[in-house]
Amino acid sequence: MNDASINNTNTMLTISDLSYTLDSLHKNLKTDILSFSENINQQNRIIGNNKIIKPSKSNHHLPNNLLTLYNNSQKLQILKIANSTVENTLFSINGTNTELENKQKNINDHLLAFYDKFVIAYACFLMFFIGAPLGAIIRKGGLGLPIVFAVLIFISFHFINTFGKRIAQEDGLSPFVGAWLSSFILSPLAILLTYRATNDIGLINLDILLSPFQRIFKKMFSSQNK
């Protein structure tokens, strides 16, 4: 099996398996961060460095610029050592940062798979409380108009869900918010449609929307007749 065929196996795990895996991944990430910080501290310790350069001038009071205690050749040697240390540290930080980001993305993928177990179940009830009131409210247009509304709502749900998961995977949002974003946005719509269907209000009251325009037209025509 290649890597592509086993890339999304976290979606096949059960809730208990995902919980166990997430616990191990979090411990592994914390261990790597602590190990890296300790290694960086030990690499940059002055006492542990064998390349100790003794100052050419003895002074009991430290000056503002410590390099004044050394001659030119010692200054050059110190600057070379400092430059090499900084470059090695930056290279190590960049490499470790990329590795830690990949591990965090792996954790986010497992968290999204964990929350998906609950989001899919909730989405079934959500679509029911959107589709059933929608079919009851829209009485005109036969079967076609409710299907058009249902397809538009489902596409919106799928787009928001994909958008939220993608951002959460890149660590732009928390995995909880990314997984539940589409459900949070469409839940008020389901409550509104269910309320309007149970009270037989209808989808949109056109009289309320058109009455201001009717008043404007009446005033315009009445002023012209005068």
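Residues numbered from 1 in each chain as written. Predicted model: local features only at pLDDT ≥ 70, side-chain atom pairs only at ≥ 80, totals over all residues. Heavy atoms only, no water.

Engineer: Sorry if this is basic, but what is going on with the packing of helix 2 (residues 72-137) against helix 4 (residues 175-198) here?
Structural biologist: Following both chains from N to C, one finds helix 2 and helix 4 inclined at 15°, their axes separated by 9 Å at the closest point. Judged by the angle between their axes, helix 2 and helix 4 are roughly parallel. For the crossing formed where helix 2 meets helix 4, the hand is left-handed. Residues belonging to the contact of helix 2 with helix 4 are distributed by class as follows: 21 nonpolar, four polar and one charged. (Axes fitted to C-alpha atoms, helices over the stretch in contact; angles between N-to-C directions. Helix = DSSP H or I, 4+ residues; strand = E, 2+ residues; numbered from the N terminus. Parallel < 35°, antiparallel > 145°, perpendicular 65-115°, else oblique. Left-handed = near helix turned anticlockwise from the far one by under 90°. Nonpolar A, V, L, I, M, F, W, Y, C, P; charged D, E, K, R; others polar.)

Engineer: How should a nonpolar patch on the surface be read in this particular structure?
Structural biologist: Residues Ile147, Val151, Phe154 and Ile155 make up a contiguous nonpolar surface patch of roughly 380 Å² in combined accessible area. Topologically, Phe154 is positioned in helix 3 (residues 144-169). (Patch = residues over 30% accessible without salt bridge, like charges linked within 9 Å, V, L, I, M, F, W, Y side chains within 5 Å. Areas by Shrake-Rupley, 256 points an atom, 1.4 Å probe, with all protein chains shown as cover. Salt bridge = Lys/Arg side-chain N within 4 Å of Asp/Glu carboxyl O.)

Engineer: When you look at the pattern of salt bridges in this model, what are you seeing that I'm missing?
Structural biologist: Evaluation of the coordinates by the stated rule reveals five salt bridges. Glu99 is the partner of Lys103 in a salt bridge, and the nearest nitrogen-oxygen pair spans 3.8 Å. Placement of both Lys103 and Glu99 in helix 2 is noted, with a separation of four residues, approximately one turn of the helix. According to the relative accessible area criterion, Glu99 is partly exposed, its value standing at 44%. Between Lys165 and Asp116 there is a salt bridge, with the nearest N and O atoms lying 2.6 Å from each other. (Buried < 20%, exposed > 50% of the residue type's maximum accessible area, 1.4 Å probe, protein only.)

Engineer: Looking at this structure, I do not really get the nonpolar core. What am I missing?
Structural biologist: Nonpolar side chains in soluble globular proteins tend to be buried together. In terms of nonpolar packing, the biggest core is built from eleven residues, these being Ala123, Leu126, Ile130, Leu134, Ile137, Ile138, Ile153, Phe157, Leu186, Ala190 and Leu193. Among the secondary structure elements, those contributing two or more residues to this core are helix 2, helix 3 and helix 4. Element by element, the count of residues in this core is highest for helix 2, at five residues. Counting residues in each nonpolar core, the second largest holds nine residues, with Leu100, Ile107, Ala113 and Phe114 among its members. (Core = buried A, V, L, I, M, F, W, Y, C linked by side-chain atoms within 4.5 Å.)

Engineer: It is not clear to me how the environment of Met127 should be interpreted in this structure. Could you clarify?
Structural biologist: Here Met127 is to be found in helix 2. Once the C-alpha coordinates of Met127 and Ala190 are considered, the two residues, 63 residues apart in sequence, prove to be 7.8 Å apart. Not counting chain neighbours up to four residues away, the residues in contact with Met127 comprise Phe154, Phe157 and Leu186. (Contact = heavy atoms within 4.5 Å.)

Engineer: Looking at this structure, I do not really get the environment of Leu25. What am I missing?
Structural biologist: On the secondary structure map, Leu25 appears in helix 1 (residues 15-43). Along the backbone, Leu25 and Asn106 are 81 residues apart, and their C-alpha atoms lie at a distance of 8.4 Å. Excluding residues within four positions of it along the chain, Leu25 makes contact with Asn106, Ile107 and His110.

Engineer: Where do I start with the confidence of the model for the chain in this structure?
Structural biologist: Should pLDDT be low for a region, the predicted coordinates there are not to be read in detail. Averaged over every residue, the pLDDT of the chain is 78; residues scoring 70 or more account for 75%. Ranking the elements of the chain by mean pLDDT puts helix 5 (residues 206-225) last, at 61, and helix 4 first, at 89. (pLDDT = per-residue confidence, 0-100.)

Engineer: I would appreciate a short explanation of the packing of aromatic side chains in the present structure.
Structural biologist: The geometry of an aromatic ring pair is captured by two quantities: the separation of the ring centres and the angle between the planes. Scanning the model with the defined rule gives nine aromatic pairs in all. Between Trp180 and Phe184, the ring centres sit 6.1 Å apart and the planes meet at 20°, which makes this aromatic pair stacked. Separated by four residues within a single helix, Trp180 and Phe184 lie in helix 4, roughly one turn from each other. We classify Phe184 as partly exposed; its relative accessible area is 44%. Within the aromatic cluster, the residues linked to one another by ring pairs are Phe114, Tyr115, Phe118, Tyr122, Phe176, Trp180 and Phe184. (Phe/Tyr/Trp six-rings, centres within 6.5 Å; stacked < 30°, edge-to-face > 60°.)

Engineer: I keep staring at helix 4 and nothing clicks. Help me out?
Structural biologist: Residue pairs three or four apart in sequence face the same way in an α-helix, which turns once every 3.6 residues. The terminal C-alpha atoms of helix 4, which comprises 24 residues, lie 35 Å apart, in line with the 34 Å expected from a rise of 1.5 Å per residue. Along helix 4, the residues classified as buried are Pro175, Gly178, Ala179, Trp180, Ser182, Ser183, Leu186, Ser187, Ala190, Leu193 and Arg196. Backbone geometry just after helix 4 places Asp200 at a positive phi near 55°. (Expected span 1.5 Å × (residues − 1).)

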